[in-house]
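As a plain string of letters, each chain reads:
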Amino acid sequence: MERLEWEPVSRCKVAVANDTASVADWLRLGYCYDRVLSRPRYGLGSVEQALVLEPNAVEAVLQKADAMAMQGDKEAAFQLLDQSLESKEHWRFFLTDVVSPAQLTAQFAHLYNELLRGLGRTDRASLHASFHGTRKKVGRNDPCPCGSGKKYKKCCLAKH
């Protein structure tokens, strides 16, 4: 492996050593292992430390769930995403210079829906990529925010 690929990881390790309470630095270290070195399992320790410091760190939840799914533990990955979804009003985004909240929630929805289908779950509705958007009240005759194309009253209203 080229030395240039290790440089971001080294910088992230130094940042974590300088401030062990920085959620963003722990996330950057996990992100470097996952995306730069393609070693998501190495980054899990960093991601888990970020979750200890901030359980609502969306990047950490998503990265951990993705790694769990890749390791074959799809049910646990789905449970992690589902629990996080229940507290979405408390979500915090830390790496907005790397991935925007809109892109991150789209990735979250994609993984959630992939796991939902893969596990054959019919007890939950699929998520639309923009599910975390504005919180305006949805009228009965408005299009459903889940992205199904149906009216809200014929789709998710009955599920709530």
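Structure: see above.
For clarity, every value in this text was computed on a predicted model and none was experimentally measured. (Residues numbered from 1 in each chain as written. Predicted model: local features only at pLDDT ≥ 70, side-chain atom pairs only at ≥ 80, totals over all residues. Heavy atoms only, no water.)

Engineer: Got a minute to help me understand the overall build of the chain in this structure?
Structural biologist: Helix and strand counts for the chain come out as six helices and zero strands. Put simply, the chain runs from its N terminus to its C terminus through helices and strands in the order α-α-α-α-α-α. Going through the 160 residues of the chain one by one, you find that 41% of them count as buried. For the chain, the share of sequence-separated contacts (at least 6 apart) that also reach a separation of at least 24 residues comes to 49%. Accessible area of the chain: about 9500 Å², with a carbon and sulfur share of 50%. (Helix = DSSP H or I, 4+ residues; strand = E, 2+ residues; numbered from the N terminus. Buried < 20%, exposed > 50% of the residue type's maximum accessible area, 1.4 Å probe, protein only. Contact = heavy atoms within 4.5 Å. Areas by Shrake-Rupley, 256 points an atom, 1.4 Å probe, with all protein chains shown as cover.)

Engineer: Where do I start with the packing of aromatic side chains in this structure?
Structural biologist: Any pair of aromatic rings gets described here by the distance separating the centres and the angle formed by the planes. According to the stated counting rule, one finds five aromatic pairs in the structure shown. One aromatic cluster is present, formed by Phe78, Trp91, Phe93, Phe108 and Tyr112 through successive ring pairs. (Phe/Tyr/Trp six-rings, centres within 6.5 Å; stacked < 30°, edge-to-face > 60°.)

Engineer: I tried to follow the environment of leucine 62 on my own but got confused; where do I start?
Structural biologist: Note that leucine 62 resides in helix H4 (residues 58-70). Residues leucine 62 and leucine 104, spaced 42 residues apart in sequence, show a C-alpha to C-alpha distance of 8.4 Å. Residue contacts for leucine 62: discarding those within four places in its chain leaves Leu81, Leu104, Gln107, Phe108 and Leu111.

Engineer: I tried to follow the packing of helix H2 (residues 23-36) against helix H3 (residues 40-53) on my own but got confused; where do I start?
Structural biologist: The geometry of a pair of packed helices is captured by two quantities: the angle between their axes and the separation between those axes. One way to put it is that H2 packs onto H3 with a least axis distance of 7 Å and a crossing angle of 165 degrees. As the angle between them shows, H2 and H3 are arranged roughly antiparallel. The hand of the H2/H3 crossing is left-handed. The residues of H3 that touch H2, namely those facing Val23, Trp26, Leu27, Leu29, Gly30, Tyr33 and Asp34, are Pro40, Tyr42, Gly43, Ser46, Val47, Gln49, Ala50 and Leu53. Of the residues contributing to the contact of H2 with H3, the split by class is 10 nonpolar, four polar and one charged. (Axes fitted to C-alpha atoms, helices over the stretch in contact; angles between N-to-C directions. Parallel < 35°, antiparallel > 145°, perpendicular 65-115°, else oblique. Left-handed = near helix turned anticlockwise from the far one by under 90°. Nonpolar A, V, L, I, M, F, W, Y, C, P; charged D, E, K, R; others polar.)

Engineer: Before we go on, may I ask you to explain the packing of H2 against H4 in this structure?
Structural biologist: Across the interface, H2 lies against H4 with an axial gap of 10 Å and an inter-helix angle of 30 degrees. Relative to H4, H2 is oriented roughly parallel. The chirality of how H2 crosses H4 is left-handed. Along its contact with H2, which presents Leu27, Gly30, Tyr31 and Asp34, the element H4 presents Glu59, Ala60 and Gln63. In terms of residue class, the contact of H2 with H4 is built from three nonpolar, two polar and two charged.

Engineer: Just to check I follow, could you spell out the nonpolar core for this structure?
Structural biologist: The nonpolar side chains of a soluble globular protein tend to be buried, and buried together. Among the nonpolar cores identified, the biggest contains 40 residues, and Leu27, Leu81, Phe108 and Tyr112 are the most heavily contacted of them. The set of elements that each furnish at least two residues to this core consists of helix H1 (3-18), H2, H3, H4, helix H5 (74-86) and helix H6 (101-118). If sequence neighbours within four positions are ignored, leucine 27 has contacts with Ala50, Ala57, Glu59, Ala60, Gln63, Phe94 and Leu95. (Core = buried A, V, L, I, M, F, W, Y, C linked by side-chain atoms within 4.5 Å.)

Engineer: In this structure, what is going on with unusual backbone geometry? I would like to understand it.
Structural biologist: Generally, phi is negative for residues other than glycine and the peptide bonds are trans, each holding for most cases. In this model, serine 38 sits at a positive phi of 55 degrees, which is unusual for a non-glycine residue. Looking at the secondary structure, you find serine 38 in the loop between H2 and H3. Judged by its relative accessible area of 57%, serine 38 is exposed.

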